[in-house]
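Chain and residue survey
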Amino acid sequence: MADIKDPENTILMELKGGTVTIELLPKIAPKHVERMKTLVRAGEYDNVAFHRVIDGFMAQTGDVQHGDMEDGFNIRMAGTGGSSYDDLPAEFSKVPHARGSIGAARSANPDSANSQFFINFGDNAFLNGQYTVYGQVMSGMEHVDALTRGEPPAEPDRMISVKVAADAE
């Protein structure tokens, strides 16, 4: 596991293969970081499907409205929902969409990010300055690499549990 420097801004995402440790970037995207921690602490991301996993590009998850595989799951709707909170304004920065970076998923409107996010499989420079980056995988990227591909996958993988490291036992 990665050396955790700031437990309050570190996410522990449990996937079928093991733990993915994500360092959040509150100085870069404070509103997105706060939203993720709010949803994590409410248990909203637990059992949410990876509804869009594109080889060589990214793995998208976080639809807490339609993506919970234990509560009202609808694969046809997964990717269209958000949380009960208002959408977030874009927090674009110079941080690149590099391998393992966490980006805020959104519609065509730059200020429409809510609960969904994606993890970049590779360096996706064409996203730079257009999508908010608010985290970076520190360890466990091999578990993200092992996710079932598809748009949507026939048998989607899920985030089994997601915790803020400061809250983990």
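As a reminder, the structure under discussion sits directly above these lines.
Next up on the list: helix 1 (residues 30–41). With 12 residues, helix 1 ought to run about 16 Å at 1.5 Å a step, and its terminal C-alpha atoms sit 16 Å apart, in line with that. Within helix 1, burial applies to His32, Val33, Arg35, Met36, Lys37, Leu39 and Val40. Summarising the contacts, the buried residues of helix 1 are in contact with strand 1 (10–15), strand 2 (18–24), strand 6 (101–104), strand 7 (117–120), strand 8 (133–139) and strand 10 (161–164). One or two positions beyond helix 1, positive phi appears at Gly43, with a value near 75°.

Nonpolar side chains in soluble globular proteins tend to be buried together. By size, the foremost hydrophobic cluster in this structure holds 31 residues, and its most contacted members are Met13, Tyr45, Phe117, Tyr134, Val144 and Met159. At the level of elements, strand 1, strand 2, helix 1, strand 6, strand 7, strand 8, helix 2 (141–145) and strand 10 are the ones that each hand at least two residues to this core. At four residues, the largest contribution of residues to this core is made by helix 1. Setting aside chain neighbours within four positions, we find Val144 in contact with Leu15, Val20, Ala59, Ile119, Phe121 and Arg149. Ile54, Phe57, Phe118 and Leu127 belong to the second-largest nonpolar core, a separate cluster that totals six residues.

Analysis parameters
- Residues numbered from 1 in each chain as written.
- Predicted model: local features only at pLDDT ≥ 70, side-chain atom pairs only at ≥ 80, totals over all residues.
- Heavy atoms only, no water.
- Helix = DSSP H or I, 4+ residues; strand = E, 2+ residues; numbered from the N terminus.
- Expected span 1.5 Å × (residues − 1).
- Buried < 20%, exposed > 50% of the residue type's maximum accessible area, 1.4 Å probe, protein only.
- Contact = heavy atoms within 4.5 Å.
- Core = buried A, V, L, I, M, F, W, Y, C linked by side-chain atoms within 4.5 Å.

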